[in-house]
Amino acid sequence: MGKSVIWTVEEAERNLAQVLERARTSGPQRIRSETGIFVLKIQDDFSKPDVAESLLKLRPKG
């Protein structure tokens, strides 16, 4: 994890891919606007199958 950064709206717009990646790898990202601070965080997508269960189905039987 790196130093906590508060992005401006302009920085977040220019660096959206980086903001998303940091939210995924370093935790919630803060974006300051004229109306307040927005917090961007990643939420698990539970609609996808569990990786461990998928790997177990592929293992050799016997």
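Relevant structure appears above.
Residues numbered from 1 in each chain as written. Predicted model: local features only at pLDDT ≥ 70, side-chain atom pairs only at ≥ 80, totals over all residues. Heavy atoms only, no water.

**A few points about the overall build of the protein**
Phase 1: When its secondary structure is counted, the protein shows 3 helices and 3 strands.
Phase 2: Taken from the N to the C terminus, the helices and strands of the protein come in the order β-α-α-β-β-α.
Phase 3: Relative to the 2.2 N^0.38 estimate, which gives 11 Å for 62 residues, the radius of gyration of the protein is 18 Å and therefore markedly larger than a compact globule would have.
Phase 4: The principal-axis extent of the C-alpha atoms belonging to the protein is close to 60 × 25 × 20 Å.
Phase 5: Counting over 62 residues, the protein shows a buried share of 13%.
Phase 6: Residue pairs in contact within the protein that sit at least 24 positions apart in sequence constitute 23% of those at least 6 positions apart.
Phase 7: In the form shown here, the protein has an accessible surface area of approximately 5,700 Å², with 56% of it arising from carbon and sulfur atoms. (Helix = DSSP H or I, 4+ residues; strand = E, 2+ residues; numbered from the N terminus. Rg over C-alpha atoms; globule rule 2.2 N^0.38 Å. Buried < 20%, exposed > 50% of the residue type's maximum accessible area, 1.4 Å probe, protein only. Contact = heavy atoms within 4.5 Å. Areas by Shrake-Rupley, 256 points an atom, 1.4 Å probe, with all protein chains shown as cover.)

**A few points about the pairing of strand β2 (residues 29–33)**
Phase 1: On β2, burial follows the alternation: Gln29, Ile31 and Ser33 on one face are buried, whereas Arg30 and Arg32 on the facing-out side are not.
Phase 2: Judged from the 3 bridges that link them, strand β1 (residues 6–8) and β2 form a sheet pairing that is parallel. Considered in β2, the bridge of Trp7 is made with Ile31.
Phase 3: Sheet topology places β2 next to strand β3 (residues 36–40); 5 bridges connect them, and they run antiparallel. (Pairing = 2+ DSSP bridges.)

Remember, this is a structural readout, not a statement about activity or role.
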